[in-house]
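So the chains spell out like this:
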Amino acid sequence: MSDQLVRAISKDGFVKAVAVSTRDLTERARQIHHTLPVATAALGRTLAAASMMGNALKGDGASVTLQVKGGGPLGTILAVSDNEGNVRGTVDNPSVDIPLRSDGKLDVGAAVGCDGTLTVIRDLNMKEPYVGSVGLLGGEIAEDLAAYFVESEQIPTACGLGVLVDRDQSVLAAGGYLIQLLPGAGEDIITKVEGGVMAAGSVTGLLRENDDPEAILRKVLSDFDLEILEKTPVEYRCYCSRDRMERALISLGPQQLESLIQEQGSAELSCQFCDNVQTFTRQQLETLLSNMKKKT
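About the criteria used
Residues numbered from 1 in each chain as written. Predicted model: local features only at pLDDT ≥ 70, side-chain atom pairs only at ≥ 80, totals over all residues. Heavy atoms only, no water. pLDDT = per-residue confidence, 0-100. Helix = DSSP H or I, 4+ residues; strand = E, 2+ residues; numbered from the N terminus. Phe/Tyr/Trp six-rings, centres within 6.5 Å; stacked < 30°, edge-to-face > 60°. Buried < 20%, exposed > 50% of the residue type's maximum accessible area, 1.4 Å probe, protein only. Lys NZ or Arg CZ within 6 Å of the ring centre and 35° of its normal. Pairing = 2+ DSSP bridges. Expected span 1.5 Å × (residues − 1). Arc of directions from axis to C-beta. Axes fitted to C-alpha atoms, helices over the stretch in contact; angles between N-to-C directions. Core = buried A, V, L, I, M, F, W, Y, C linked by side-chain atoms within 4.5 Å. Contact = heavy atoms within 4.5 Å. Salt bridge = Lys/Arg side-chain N within 4 Å of Asp/Glu carboxyl O.

What follows covers the confidence of the model for the chain. Of the residues in the chain, 99% have a pLDDT of 70 or more, and the chain-wide mean is 93. When the elements of the chain are averaged for pLDDT, helix H10 (residues 282-295) gives the smallest value, 81, and helix H2 (residues 37-55) the largest, 98.

Here it is as structure tokens:
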């Protein structure tokens, strides 16, 4: 099935939940960045998390950015989602290769590191974006995100994220879920959610069984009567363009642009999030420079 996000609420009004399947967009990210398996898993988990958080922002043009800096060999992981849940992302060191854990699974925690922070930036088209940050617990990303919601927003949250990498290093399945308690939820509700999460097992196990996000939610929250609120297709989507790259050149200022022309003659700009490359010839750069000088 194509990548999809499903949002739901329990009919008793105490639990809201979202799940997403992200195999295609995670595979797209792998192809763009040429990630090895542990980087694919770390970036894929972060992309799924950003998608679920971004989709919760209803204002047009709003976005959420997740930045994971754990001090591990992967370096910084960045994922950005629009308000529909479409995402793009990058990882500093995509070719990191470290030994598997003793249980045979990818050691995402060691690759990410836990000596650092998870930062969430919500841009709601206001004067300043909302920025929240928490120390990483283990670098596995799901538990770090749950800790962020509890510490920064006081919302009890359960989060599961997973990426299954095939033998040829392609993405077999990817996705995750976010479950949050709403005001008024008592200890009995908490116990039921915790029990459901424990009984459902790992996200990779759920994905292997059935990567339909609605099926994942119904499995994890089997003790609740769920009402599906929304089903939305999501994808890897970058908003870069030649115009944006041109504006980046203009932002250098006349002096730096003139130096660039003298030293390199032309410029080749590539987007950090996708495989879009734009070439600017000497003549095009000189035209940009001439227009800038006219305005000053």
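One pass over the structure, following the stated rule, counts one aromatic pair. Between Tyr148 and Phe149, the aromatic rings sit 5.4 Å apart at their centres with planes inclined by 70°, giving edge-to-face as the arrangement. Here Tyr148 matches Phe149 in class, with each residue buried. Stacked on the ring of Phe273, the Lys or Arg Arg88 has its end atom at 5.4 Å from the ring centre. Over the ring of Phe224 we find Lys192; its NZ or CZ atom is 4.5 Å from the centre of that ring.

Time to look at the pairing of strand E7 (residues 130-135). Where strand E6 (residues 117-123) and E7 come together, six bridges link them in antiparallel fashion. In the sheet register, Ile121 faces E7, and the bridge partner there is Val131. Connecting E6 to the next strand, E7, in antiparallel fashion are six residues, including Asn125 with a positive phi near 65°.

For H10, built from 14 residues, the straight-helix expectation of 20 Å at 1.5 Å per residue is met to within 8% by its first-to-last C-alpha distance of 20 Å. When we look at burial in H10, the residues that qualify are Leu285, Leu288, Leu289 and Met292. Down the axis of H10, the buried side of the element spans an arc of 95°, and every buried residue falls inside it. Every exposed residue of H10 that faces more than 90 degrees away from the buried side is listed here: Gln283 and Lys294.

Moving on, we come to the pairing of strand E8 (residues 157-165). With respect to burial, E8 is a largely interior element, eight of its nine residues being buried. Pairing analysis gives nine bridges linking E8 to strand E9 (residues 171-181), with the strands arranged antiparallel. Across the sheet, the residue bridging to Ala158 is Ile179, located in E9.

To continue, consider the sheet that holds strand E2 (residues 15-21). Read across the sheet, five strands follow the order E8-E9-E2-E1-E10 without closing on themselves; strand pairing throughout is antiparallel. Each having just a single partner strand, E8 and strand E10 (226-233) make up the two edges of the open sheet. Taking the axes of each pair of neighbouring strands and ignoring which way they run, one obtains an average angle of 10° across the sheet.

Attention now goes to the nonpolar core. If you look at the biggest cluster of nonpolar residues, it comprises 66 residues, and the most contacted ones within it are Met53, Leu74 and Val112. No other element matches the 11 residues that H2 contributes to this core. With residues up to four places along the chain from it excluded, the contact list for Leu74 reads Val38, Ala39, Ala42, Val91, Asp92, Asn93, Val96, Ala111 and Val112.

Another aspect to go through is the pattern of salt bridges. Oppositely charged side chains can form a pair if their charged atoms are brought close together. Applying the stated criterion across every chain yields a total of 16 salt bridges. A salt bridge links Arg122 to Glu153; its shortest N-O distance comes to 2.4 Å. One end of the pair, Arg122, is in strand E6; the other, Glu153, is in helix H4 (residues 142-153), with 31 residues separating them in the sequence. The exposure class of Arg122 is buried, given its relative accessible area of 13%. Between Glu214 and Lys231 there is a salt bridge; the shortest N-O distance is 2.7 Å. Residue Glu214 is found in helix H7 (residues 213-220), and its partner Lys231 is found in strand E10; the two are separated by 17 residues along the sequence. You can call Glu214 buried: its relative accessible area is 16%. Given the relative accessible area of 47%, Lys231 is considered partly exposed. Each member of the salt-bridge network shares a partner with another, and the members are Arg45, Arg101, Asp103 and Glu140.

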